[in-house]
Amino acid sequence: MKIKKKTAMIISVAVGTLMFATTAMAEVMSKSGYEQAKDAIKYSSDSFSSKLSSYTMDISMTVKDNGKVIISQNALNKCDINKKASENVETTVKGGKKTERYFYGDKNGMITTNEDKSIYYVTEYETPDKGRDFRDPFKEKEAGDIEKIIDAAVGNLKDYVVVDEKADGSKELSGSITEAQIPALINAVTSYALKNEASSNRNPEEVNVMPRITKDVYVKEVKGKMVVDKNGLIQSVLGTAILSGKDDQGKQHDLTFEVLGKTTSINSTVVNKPNLSGKKVEKSIQRNNNEFANPEKYVGKYKNDIIIEKDGKFQKIGERTLTIAHSDNESISGSYHEQYIKGYESYATKDLKFDAKYGKDKYNARFDIEGSSDKGNISVNRHNVSVYFYMPHSSKGGVNYDGEFNRVFD
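Residues numbered from 1 in each chain as written. Predicted model: local features only at pLDDT ≥ 70, side-chain atom pairs only at ≥ 80, totals over all residues. Heavy atoms only, no water.

Here's the deal with the overall build of the chain
Inference 1: Scanning the chain for helices and strands turns up four helices and 20 strands.
Inference 2: Counting over 410 residues, the chain shows a buried share of 42%.
Inference 3: Long-range contacts, defined as pairs at least 24 residues apart, comprise 54% of the intrachain contacts of the chain with a sequence gap of at least 6.
Inference 4: Accessible area for the chain stands at about 22600 Å²; split by element, carbon and sulfur atoms hold 50% of it. (Helix = DSSP H or I, 4+ residues; strand = E, 2+ residues; numbered from the N terminus. Buried < 20%, exposed > 50% of the residue type's maximum accessible area, 1.4 Å probe, protein only. Contact = heavy atoms within 4.5 Å. Areas by Shrake-Rupley, 256 points an atom, 1.4 Å probe, with all protein chains shown as cover.)

What about the sheet that holds strand β15 (residues 331-340)?
Inference 1: Pairing in this closed barrel of eight strands is antiparallel, and the strands run β13-β14-β15-β16-β17-β18-β19-β20 around the ring. Taken over all neighbouring pairs, the strand axes of this sheet differ in orientation by 30° on average, direction set aside.
Inference 2: Pairing geometry for strand β16 (residues 352-358) and strand β17 (residues 364-368), over two bridges, is antiparallel. Each residue of the ladder has a partner; that of Lys357, found in β17, is Arg366. (Pairing = 2+ DSSP bridges. Axes fitted to C-alpha atoms, helices over the stretch in contact; angles between N-to-C directions.)

What about the pattern of salt bridges?
Inference 1: Counted according to the given criterion, the structure contains 14 salt bridges.
Inference 2: The shortest N-O distance in the salt bridge between Asp164 and Lys166 comes to 2.9 Å.
Inference 3: The closest approach of N and O atoms between Lys375 and Asp368, which form a salt bridge, is 2.3 Å.
Inference 4: The exposure class of Asp368 is exposed, given its relative accessible area of 54%.
Inference 5: Three or more residues are tied together by salt bridges with common partners; here these are Lys303, Asp305, Lys316 and Glu319. (Salt bridge = Lys/Arg side-chain N within 4 Å of Asp/Glu carboxyl O.)

A look at the pairing of strand β19 (residues 386-390)
Inference 1: Across four bridges, strand β18 (residues 375-380) lies against β19 in antiparallel orientation. Note that in β19 the partner of Ser379 across the bridge is Tyr388.
Inference 2: As paired elements, β19 and strand β20 (residues 404-408) share three bridges and run antiparallel to each other. Each bridged residue has a counterpart across the sheet, and for Ser386 the counterpart in β20 is Asn406.

With respect to the packing of aromatic side chains
Inference 1: Tallied over the full model, the rule gives 10 aromatic pairs.
Inference 2: Residues Tyr340 and Tyr347 carry aromatic rings whose centres are separated by 6.3 Å and whose planes lie at 20° to one another, so their mutual orientation is stacked.
Inference 3: Among the aromatic residues, ring-to-ring pairing joins Tyr336, Phe354, Phe367, Phe389 and Phe405 into one connected group. (Phe/Tyr/Trp six-rings, centres within 6.5 Å; stacked < 30°, edge-to-face > 60°.)

Some words on the nonpolar core
Inference 1: With 21 residues, the main nonpolar core has Leu322, Ile332, Tyr336, Ile378, Phe389 and Phe405 as its most contacted residues.
Inference 2: Mapped by element, the contributors of at least two residues to this core are β14 (313-327), β15, β16, β17, β18 and β19.
Inference 3: Here the element with the most residues in this core is β16; it accounts for four residues.
Inference 4: When residues no more than four places from it in sequence are discounted, the contact partners of Phe389 are Leu322, Tyr336, Leu352, Phe354, Phe367, Asn377, Ile378, Tyr401, Gly403 and Phe405.
Inference 5: Judged by nonpolar contacts, the second largest core, of 16 residues, contains Ile182, Val219, Ala241 and Leu255. (Core = buried A, V, L, I, M, F, W, Y, C linked by side-chain atoms within 4.5 Å.)

Let's talk about the environment of Ala85
Inference 1: Position of Ala85 relative to the elements: it lies in strand β3 (residues 85-94).
Inference 2: Given the relative accessible area of 0%, Ala85 is considered buried.
Inference 3: Ala85 sits 19 residues away from Tyr104 along the chain, and the two C-alpha atoms are 7.5 Å apart.

A word on the side chain of Ser331
Inference 1: Inspection of the secondary structure puts Ser331 in strand β15.
Inference 2: When residues no more than four places from it in sequence are discounted, the contact partners of Ser331 are His326, Asp355, Ala356, Lys357 and Tyr358.

Considering the confidence of the model for the chain
Inference 1: A residue-level look at the chain finds 78% of positions with pLDDT of 70 or above and a mean pLDDT of 80.
Inference 2: Here residues 20-32 scores under 50 on pLDDT; set against residues more than four positions off or in separate chains, the count is 38 contacts. (pLDDT = per-residue confidence, 0-100.)

Things to note about the environment of Thr256
Inference 1: Following the sequence through the fold, Thr256 ends up in strand β11 (residues 252-264).
Inference 2: In this structure, Thr256 is in contact with Thr62, Val63, Lys64, Thr240, Ala241 and Ile242, ignoring residues within four places of it in sequence.

Here's the deal with the pairing of β14
Inference 1: Two elements, strand β13 (residues 300-310) and β14, share 11 bridges in a ladder whose sense is antiparallel. Looking at the pairing, Lys303 lines up with Thr321 of β14.
Inference 2: Linking β13 to β14, which pair antiparallel, is a turn of two residues; within it Asp311 sits at a positive phi near 55°.
Inference 3: Where β14 lies against β15, nine bridges are found, and the strand directions are antiparallel. What sits directly across from Ser327, in β15, is Ile332.

Comments concerning the environment of Ser244
Inference 1: In this structure, Ser244 sits in strand β10 (residues 234-246).
Inference 2: When the C-alpha atoms of Ser244 and Asn66 are compared, they prove to be 9.5 Å apart, with 178 residues separating the residues in sequence.
Inference 3: For Ser244, the side chain forms a polar contact with the side chain of Gln252, separated by 2.5 Å. (Polar contact = N/O pair within 3.5 Å; in protein donor to acceptor, adjacent residues only side chain to side chain.)

Examining the side chain of Thr99
Inference 1: Residue position: Thr99 is located in strand β4 (residues 97-106).
Inference 2: What Thr99 contacts, discounting residues up to four positions off in sequence, is Glu90, Thr91, Thr92 and Glu115.

Structure, rendered in structure tokens:
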């Protein structure tokens, strides 16, 4: 689901809190119950990314302020792993304003709409793409560390969970905890996130929707229920979290976050490209994202400014120049130079020549730095006339290194 950045910060806190509670939904009789709950989450994540042929997810979320619904969202996601296709229909009601979004994607292209669905934007790939990527987050490098953090944060929350084992082998894991049982860490993180969100500049349409909570913030209550089938696949998750606090005027707010997710039509979901007959359509052609076309076009000169902060102001003291002399599908090479305004020459680093080889993704290339065991990196921006160039360095006198270089045309 797509939500505005500032609102997402609040919602992420609630979802994170529900994640703690959901992860802790395990049998209280033994440690193996807790492990079984984590196994169900991992098994489901793996199944949704690779083992199942298709499925449908229906996810609903509401935010209430003192019992009044201020934001509601529903996202219906259909996924076909075999066809590498997906379809998403999203409806949002925020401050009385209703918006709808649509997305369809497969190997040949994608289709999206604007908020009132008056125009369908069709992007066709010049050559077939790899299709929709269904990734398992538990197979990412950071997954192990995140799991350890969750284990530590859950603490004794599992002691407040009830397990109902069904005759068909399925389980219903449920639990409810109140403010006295909420770990101090969760309250601290929640308080920080809410206060940070309140002090940030928010989208004008959100000002009268989300209250600005700035004082006495704490998690008041968390409730959750997870249903797992006999094979260990999660069928549904229901979670509620109540965050309490006061605004600048001292008014008390209880923000209630409710999330409901259901998985249906396992291995029987059909994802079809929509029929746009009679619809207003705007078409475009896009090169395949995995195709590195005309790599020689990156040959040329690129620059950016060298900036320091002095006397409370930003000041330009020079320019960085990146010259790409050679570029093909296998490698990219050239030189790097810094030119300073008179009086700032002491900031300069020595000139550098690089000969970088592309890795598996074809767009990021690493290179050796003479006289150093460190590695540098250069990557091209396929959608803009710019490159990113990184090299290990030590900042001098407040100079912050900017690795984005824009093309210079004589």
